[in-house]
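# Descriptive structure summary
Spelled out, the chains give:
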Amino acid sequence: MGNIRARKENGKLLLDFHFHGVRFREQTALPDNQQNRKKVQALLDKVEARIKLGEFNYAEFFPGSKNIQKFLEVNPNHANTSQTQLVRVQNSNIPARISTRAPLFEIFARQWQTEKKIEWRASHARNIESVLSNSLIKFFGKRVLSDITKAEILEFRSKLASKPGRGGKEQIAAKTINTHMALLKAILEEASDRYSFENPYKNIKPLKLQRSHVEPFSLIEVNRIIESVREDYRNYYAVRFYSGMRTGEIDGLRWEFVDFKRGLIAIRETLVQGKTEYTKTDGSQRDIPMLGPVKAALEAQYQATGKLSPYVFCNTEGKPLDHNNITKRVWYPLLRHLGLKMRRPYQTRHTAATLLLASGENPEWVARFLGHASTEMLFKVYSRYIPNLTRQDGSAFEQMLGVQDERHAAQQHSTE
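The rules behind the values
Each residue is numbered by its place in its chain's sequence as written, counting from 1. The predicted nature of this model means local features are confined to residues of pLDDT at least 70 and side-chain atom pairs, given and counted, to a pLDDT of 80 or more, with totals for whole chains, interfaces and linings taken over all residues. Calculated side-chain values reflect all of the structure's heavy atoms, with hydrogen atoms and water omitted. Definitions used throughout: a 1 Å grid over protein atoms alone; a cavity as a set of points that fits a 1.4 Å probe which cannot get out; a pocket as an open set with protein on both sides within 12 Å along at least five of seven lines; a lining residue as one with an atom within 4 Å of a point. Grid points are joined across faces, edges and corners, and a volume is the space filled by probe spheres set on the points. Residue polarity is assigned by list, with Asp, Glu, Lys and Arg as charged and Ala, Val, Leu, Ile, Met, Phe, Trp, Tyr, Cys and Pro as nonpolar; anything else, Gly included, falls into the polar class. Think of each axis as a best-fit line through the C-alpha atoms, taken over the contacting stretch in the case of a helix, with angles from 0 to 180 degrees between the N-to-C directions. Strands are runs of DSSP state E lasting at least 2 residues, helices are runs of H or I lasting at least 4, and numbering of each runs from the N terminus. Angular relationships are summarised with four words: roughly parallel below 35 degrees, roughly antiparallel beyond 145, roughly perpendicular across 65 to 115, and oblique for the angles in between. Helix crossings fall into two classes, left-handed where the near helix is turned counterclockwise from the far one by less than a right angle and right-handed where it is turned clockwise. Any two residues whose heavy atoms approach within 4.5 Å are treated as being in contact. A 3.5 Å cut-off defines polar contacts: any pair of N or O atoms within that distance qualifies, except that in protein one atom must be a possible hydrogen donor and the other a possible acceptor, and neighbouring residues in sequence count only when both atoms are side-chain atoms.

Our next topic: empty space enclosed by the protein. Scanning the model with the defined rule gives 1 cavity of 30 Å³ or more in all. If you add up the space inside the largest cavity, you get close to 30 Å³. Around the largest cavity, the lining residues are Glu249, Gly252, Leu253, Phe257, Ala266, Ile267, Arg268 and Glu269. When the residues that make up the lining of the largest cavity are grouped by side-chain class, the tally is 4 nonpolar, 1 polar and 3 charged.

Next comes the structure, spelled out in structure tokens:
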């Protein structure tokens, strides 16, 4: 076990630890007090953790140290350490690892990624990897962290903004740019704290996002879609439209979470890129009632797939649906066939929200139904669909569906 002590000569804290039986000592520039001991102890704990894992790299923790050569002699496997990591100590007022010019952006970003990964959902971890590898490291990778300037950060944002967006859009979306910038900010904040340099990411505000634009279907359009879609997807879209479930939630729904006796669907998982994981947020964990035709659709679906797969909606092999494939093969062709405006399948969720609100259901109940943490999202996105505050149990919504169904039946009867 290593220890921390103060030199008698100057009263400054010192790290004292062993690696492969060899003693190493690293002087800091911090005076001996309780706060500084906590800082240095945290550093020592990380050093010893890396040693136990067999992942300790002296230059990463103490760049510029005279002990690096000694470490390389003890551990020849690290003899190929990049010279760019062996930068000299320039600031003598802070601890050894923090006192030097910080390591390269790429080295620290990967270390930060490894440390934080345990906190992330699998899909978020994949997104972080993509942004790091394809964007941030390409631009900042070979820069020493403490040398990065605000001007460079703004230059990065400008170059990112000049790239074309998805789906033939001329410019990358502001939301995507903000995602990249937020990741850069998090890395620089952590690095500046560990290495005690001034964080260059100051007074840089996120780009203003356009207000969310919802394009819900009318109840008549919903019925046309459900009646016209191919039979093997009729139950799927009925549940999508009347449950308000997110794409990953409905595609990842398993029979064990469908309670016919209580008339409830338990949202506990989501399907992202073919893998089941925890829901989008804690608030997304909820039990939703089977409103309108949802229960009938699920009962019919059970006859089709209940014995075939643990997933409610699946392909002929019993595997969960590939929503990109379904969107291209079923959804868009159907909208074209019906002469309806092209809209993403996610509008089925917006449709459920607007129909619930338009029927007079209480916004707080609707927020819980949809898995929102509060009503803020509802009032921001769906404000024009909130006529009053009456019901809070789904009865108003079902009453509206019943009236509409009666009218629809009457229309069909009159044409016969």
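This paragraph deals with the packing of helix α5 (residues 105-116) against helix α6 (residues 122-140). Contact pair α5 / α6: the axes reach a minimum separation of 10 Å and the direction vectors enclose 165 degrees. Here α5 is positioned roughly antiparallel relative to α6, judged by the angle of their axes. α6 is crossed by α5, and the crossing has right-handed handedness. Of the residues in α6, those touching α5 at Phe105, Glu106, Ala109, Arg110 and Gln113 are Ile128, Glu129, Leu132, Ser133, Leu136, Ile137 and Phe140. Considering only residue class, the contact of α5 with α6 consists of 7 nonpolar, 2 polar and 3 charged.

As for its position among the elements, His350 is in helix α14 (residues 347-358). Along the primary structure His350 and His213 are separated by 137 residues, whereas in three dimensions their C-alpha atoms are 9.9 Å apart. Among residues more than four places away in sequence, those in contact with His350 are Val214, Pro216 and Tyr382. A polar contact of 2.6 Å, which involves the side chain of His350, links it to the side chain of Tyr382.

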